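# Commentary on secondary and tertiary structure
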Amino acid sequence: MCGIVGYIGTKKASPILINGLLRLEYRGYDSAGIATIEKDGISLMKDKGRVKNLYNLEGIDDLEGTIGIAHTRWATHGKPSKENSHPHIDNSKTFSVVHNGIIENYHELREFLADNGYTFYSQTDTEVIPNLIHYYYSKDEKNDELKFLRAVRNACKDLKGSFAIEVVCKDYPDNMIVVRKDSPLVIGKGDGENYISSDIPAILSFTRDFYLLNDLEFVILSRNDAKFYDIDLKPIDKKTKTIEWNASSAEKDGFDDYMLKEIYEQPTAIRETIGSKLTENSKCEFEDLTFTKEYLQSINKIYIVACGTAMHAGLAGKNAIEKLCKIPTEVDIASEFRYRDPIIDEKTLCIFISQSGETADTIAALKLSREKGAKTLAISNVIGSSITREADYSIYTHAGPEIAVASTKAYTSQVVLLILLSIYFAELLEIKNEDIANLKKEVLELPKKIEETLKTSEVVKEFSKKVYQEKDMFFLGRGIDETVAKEGSLKLKEISYIHAESYAAGELKHGPIALIENDVTVIGIMTDPKLVEKTISNIQEVVTRGAKTLIVTNQDIDDKRFDMVIHIPHTNTFVSPILSIIPLQLFSYYISKEKGLDVDKPRNLAKSVTVE
Ligand code: AGP
């Protein structure tokens, strides 16, 4: 939520900042702005609307400053407007700040500052920050090189909530200060320049060497240096980490949209995620995991906790862990988990899944589980992301940067990683299960089968054209196929704005079937040979009531009964979600395109949800 970019170097900052914002727009796009340090002080350019609107602002081309901060907003406090856009500036125009996160005690701070003569011009929580920094700055009688840092640190001590902030000060025209707490921020090290961003892909074309910040580490940046301090202002030694992603992985590479590119990247994402963890004839290995048979025998429950699509991947994980390892596994929505007083102790293993690794609810659920004595394992796509720094263990999907708001390759990579994890657990537990050998073979064949599945694209597109004007759709499945129905329905809602519901197919007749009328579109998923006949019967019930039907299946069924049947390669039910979701990803994509919508940046949504 909200994207932050910063630059300090020798080049003109404004084009670099705007370019970075364009890449971060998927994090929020209600308004945008930049602040640069010019010869006569801080220049502020901002407006509501998309980042590209910045190009129309008068004077934007005349900016010469080589230091600047920038922001693209996903509104929380105060509607999208010029006044509420970032950067914000203090009353004396000494400090300018961009902020991602939420300042929970901003009311009290606003009152405190108002009592001290400060005036506010926006409805945002952020505007307290530059003024609070100024408050401490003006009270500090020492005029040394750390005065700017002290003011920022003192202000941050008063802030409750989450924040990633960049601050520039007109009195320190060759510096910038950045700090984060529970909100993402990385620093890219260049040659005689430093880049700051909410995430790595936005600045990958400039550098692959990154400083990853922990909470409340303060950084004074200059062109050639980055100095790190803890909350007591003691210097910290920090090394850069080289990121393996290449710059083109964050480009569209000839595709119309990131989402389509990411759908087509799934064979590679799965291949990379499997990596060397699995071969047909050896045990499944996770370099970074040191679980023992004794520990796994000691746990009596696994929780998988995540949000949205990541939670749907968790459902496929539960299926694999319970079936292979016989450990009871519950899947929970992170935002609910932490408030429902879950039963957790040292005999619980808690697994947290987050593509971005920055989802506030998931991080909070992890912290709670740790406090209650559970071991925590994070699954993320972003090396060094917050969740991986909080967890006892971390393992990674290697999907490459996922830019489109609607998650595709991250989901399938998460499912495959969870299946590998369940094989790893089962082998550690020395469980003799003939399914395991077959499962390994199926996993290794996945990239090829995904390529096959992608060939259904044209048929899916054809069906999408017939139904894109519909208002409601239903996704039905049983067993593992119900989890895919959930994910298919979420994808459709997100990018096509069509109302979609998912149900366990057998549940329909207990109420929702009342909604089925002539021409309503129903999508059925059938990959479990044990359940296919039962699901067909349920779909038959909606056909009788006039529904149009699209079926995704790997079974031999009588196609004539349905309006369209998408046949996907045969596989077992552990890995089938990885294949059966692909036509549904394409379905949502083509419907969104038919409707002329912005596929990559759907309304009201942000890629990374860093607020509760
Ligand atoms: C997926 O299409 C969604 N944009 C959303 O549900 C997402 O999966 C969820 O917000 C979790 O994000 P995370 O994986 O980065 O934690």
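One numbering rule holds for all chains: residues counted from 1, following each sequence as written. The predicted nature of this model means local features are confined to residues of pLDDT at least 70 and side-chain atom pairs, given and counted, to a pLDDT of 80 or more, with totals for whole chains, interfaces and linings taken over all residues. The side-chain values count all of the structure's non-hydrogen atoms but skip hydrogen atoms and water molecules.

### Description of the packing of aromatic side chains
Centres within 6.5 Å make a pair out of two Phe, Tyr or Trp rings, where for Trp the six-membered ring is used; the pair is then stacked when the planes are under 30 degrees apart, edge-to-face when over 60, and tilted otherwise. Inspection of every chain in the model, using the stated rule, returns 17 aromatic pairs. Taking 5.2 Å as the distance between ring centres and 80° as the angle between the ring planes, the aromatic pair formed by Y135 and Y136 counts as edge-to-face. An angle of 5° between the planes, with centres 4.4 Å apart, marks the rings of Y195 and F206 as stacked. Pair noted here: Y195 is in strand β10 (residues 194-197) and F206 is in the loop between β10 and β11 (209-212), with a separation of 11 residues, a long-range link. Starting at the N terminus, helices and strands are each numbered in turn, a helix being any DSSP run of H or I of at least four residues and a strand any DSSP run of E of at least two.

### As for the site of the ligand
To be near a molecule or strand, a residue needs just one of its heavy atoms within 4 Å of it. Residues in close proximity to the ligand total 14 residues, the closest being S354, Q355, S356, T359 and E494. Between the ligand and K491, the relevant distance is 3.1 Å, taken from an oxygen atom to a side-chain nitrogen or oxygen of the residue. Note on areas: Shrake-Rupley, 1.4 Å probe, and residue coverage restricted to the protein chains presented here. Notes on the ligand: free accessible area 410 Å², of which the protein chains cover 90%. Put simply, the parts of the chain that give the shell around the ligand at least two residues each are α8 (308-325) and α15 (480-496). Classification convention: Asp, Glu, Lys, Arg as charged; Ala, Val, Leu, Ile, Met, Phe, Trp, Tyr, Cys, Pro as nonpolar; all other residues, Gly among them, as polar. In the shell around the ligand, the residues fall into five nonpolar, seven polar and two charged. Pairing of N or O atoms within 3.5 Å defines a polar contact, subject to two protein rules: one partner must be a possible hydrogen donor and the other a possible acceptor, and residues neighboring in sequence count only if both atoms are side-chain atoms.

### Let's talk about the domain arrangement of the protein
An automatic or database domain assignment supplies the start and end points of every domain. Each assigned domain of the protein is listed with its residue range as follows: domain 1 (3-243), domain 2 (253-432) and domain 3 (455-594). If you average the C-alpha positions of domain 1 and of domain 3, the two centres end up 46 Å apart.

### Considering a negative patch on the surface
Together, E58, D61, D62 and E64 make up a region of like negative charge exposed at the surface. Accessible area is worked out with a 1.4 Å probe on protein chains only. A residue is then buried under 20% of its type maximum, exposed over 50%, and partly exposed in between. For E58, a relative accessible area of 79% translates into the label exposed. In this analysis, a patch consists of residues with relative accessible area above 30% that form no salt bridge, clustered at 9 Å for like charges and at 5 Å for the nonpolar side chains Val, Leu, Ile, Met, Phe, Trp and Tyr. By definition, a salt bridge exists where a carboxyl oxygen of Asp or Glu is found within 4 Å of a side-chain nitrogen of Lys or Arg. Just so you know, the count uses Lys and Arg for positive and Asp and Glu for negative, and it drops His and the chain ends. Lysine's charge is taken at NZ, arginine's at CZ, aspartate's at CG and glutamate's at CD.

### Describing the packing of α8 against α15
Fitted lines through C-alpha atoms serve as axes, helices being fitted only where they are in contact, and the angles separating the N-to-C directions of these axes extend from 0 to 180 degrees. Contact geometry for α8 and α15: axes closest at 10 Å, N-to-C directions at 170°. With respect to their mutual orientation, α8 and α15 come out roughly antiparallel. On α15, the residues touching G308, T309, H312, L315, A316 and N319 of α8 are I480, T483, K486, E487, L490 and K491. Classifying every residue of the contact of α8 with α15 gives four nonpolar, five polar and three charged. Every angle not falling under 35 degrees, over 145, or within 65 to 115 is termed oblique; those three ranges are roughly parallel, roughly antiparallel and roughly perpendicular. Note on contacts: a residue pair qualifies if any of its non-hydrogen atoms lie within 4.5 Å across the two residues.

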